[in-house]
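What follows is each chain in one-letter form.
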Amino acid sequence: MLRTDVAGALRTTIGVAIDLPDPWGSELTAARLAAGDPAAAHVPAHVTLLGPTDVAAADLPAIDRHLAGVAGRHAPFTVRLRGTGTFRPLTQVVFVAVAAGIGECEQLHRAVLDAAEIQATVPYPYHPHVTVAHNVAPERLDAAFTDLAGYEAAFPVDGFALFEHDESGRWRPYAQYRLSPRRSAVDQRR
C-alpha cells in the first residue's frame with residue numbers, strides 16, 4: 001500500500017518470505033484460520049525472511065535487484081517442519097517448528113537484511129518458523145499448540161518471494177526469486 005510520509009515521499013510496506021507449497025501451505029493456513037487468527041485470511045503460511053518493513057517506494061527496484069542477487073548466491077535446500085513451539089509469554093504466538101533448513105533460512109535472512117534500502121528493525125533474534133496462531137485467546141493458542149504437536153512435513157525450497165502489503169491487509173506478491181545451485185570453486189575459476 002503506497003502512502004506519503006511527512007516529507008511527501010511515497011512509502012510502502014514489504015516482506016520477504018518462503019511460501020509453503022501445497023498441501024502443507026494450505027493445511028497450515030487452514031489451521032491458522034481454525035485458530036481464529038484473522039491474519040490467515042490475508043497471509044498464506046510461510047517462513048518469514050523479513051517481516052513487515054517500511055521502505056521508500058522508489059527503493060523497490062534496488063531492493064528487487066538486491067534480492068535477485070541474494071537468490072543467485074544461495075542454493076536450494078530442504079525444510080523439514082516438526083512439532084509446535086511458542087514465543088509465549090513474550091509474544092502470543094504458536095508456531096510449527098522448522099527442524100531442518102534452519103541454517104539456510106538464517107543465511108537468507110542475513111543476506112536479505114544486507115541492503116542499504118532495507119532499514120529493518122528486528123526486535124527479536126531470528127527464529128525460522130511457521131506461525132499457526134497469533135494474538136488469539138489463550139485457549140486457542142493452547143489448542144493450536146496441541147493439535148499440531150505431531151505435525152511433520154518436508155519440502156524443497158527453491159526460492160522466496162517479495163511481498164507488498166496492500167490497503168486491505170493482504171500480502172501481494174511483488175516478485176519471485178529462484179535460488180541457484182552453488183558452483184564449486186573449480187567451476188568458479190573457469
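Residues numbered from 1 in each chain as written. Predicted model: local features only at pLDDT ≥ 70, side-chain atom pairs only at ≥ 80, totals over all residues. Heavy atoms only, no water.

1. Re the layout of surface pockets
There is about 1,000 Å³ of room inside the largest pocket. In terms of lining residues, the largest pocket is bounded by 37 residues, among which Thr 48, Gly 51, Pro 52, His 129 and Thr 131 are the most central. For the lining of the largest pocket, the elements supplying multiple residues, two or more each, are strand S2 (10-19), strand S3 (46-56), strand S6 (129-134) and strand S8 (159-165). It is S3 that provides the largest number of residues to the lining of the largest pocket, a total of seven residues. The class makeup of the residues in the lining of the largest pocket is 20 nonpolar, 15 polar and two charged. (1 Å grid on protein atoms, 1.4 Å probe; cavity = no way out; pocket = protein on both sides within 12 Å on 5 of 7 lines; lining within 4 Å. Points joined across faces, edges and corners; volume = space filled by probe spheres on them. Helix = DSSP H or I, 4+ residues; strand = E, 2+ residues; numbered from the N terminus. Nonpolar A, V, L, I, M, F, W, Y, C, P; charged D, E, K, R; others polar.)

2. Digging into the pairing of S2
Where burial is concerned, most of S2 is hidden: seven out of the 10 residues are buried. Note: S2 against S3, eight bridges, orientation antiparallel. Its bridge partner being in S3, Thr 12 is matched across the sheet by Val 55. Taken together, the four bridges between S2 and S8 define a ladder with antiparallel strand orientation. When the sheet's bridge partners are listed, Val 16 is paired in S8 with Leu 162. (Buried < 20%, exposed > 50% of the residue type's maximum accessible area, 1.4 Å probe, protein only. Pairing = 2+ DSSP bridges.)

3. Section: the sheet that holds strand S7 (residues 152-157)
With respect to topology, four strands assemble into an open sheet ordered S6-S5-S4-S7, the strand pairing being antiparallel. The open sheet is flanked by S6 and S7, the only strands paired with a single partner. Averaged over all adjacent pairs, the angle separating strand axes in this sheet is 30 degrees, with direction ignored. Pairing geometry for strand S5 (residues 93-100) and S6, over five bridges, is antiparallel. Each residue of the ladder has a partner; that of Phe 95, found in S6, is Thr 131. Against the sheet, helix H1 (residues 24-34) touches strand S4 (77-86), S5, S6 and S7, its axis set at about 25 degrees to S6. (Axes fitted to C-alpha atoms, helices over the stretch in contact; angles between N-to-C directions. Contact = heavy atoms within 4.5 Å.)

4. Regarding the side chain of Glu 164
Structurally, Glu 164 can be placed in strand S8. Judged by its relative accessible area of 18%, Glu 164 is buried. A polar atom in the side chain of Glu 164 sits 2.6 Å from the side chain of Thr 12. (Polar contact = N/O pair within 3.5 Å; in protein donor to acceptor, adjacent residues only side chain to side chain.)

5. Re the nonpolar core
Ile 18, Leu 28, Leu 81 and Phe 160 are the most contacted members of the largest nonpolar core, which totals 46 residues. Among the elements that make up this core, the one with the highest residue count is helix H2 (residues 60-72) (five residues). Contact partners of Leu 81, with chain neighbours within four places excluded, come to Leu 20, Leu 28, Val 96, Ala 97, Val 98, Ala 99, Val 130, Tyr 151, Glu 152, Ala 153 and Phe 155. Formed by five residues, the second largest nonpolar core is a distinct cluster that contains Ala 17, Val 43, Phe 163 and Trp 171. (Core = buried A, V, L, I, M, F, W, Y, C linked by side-chain atoms within 4.5 Å.)

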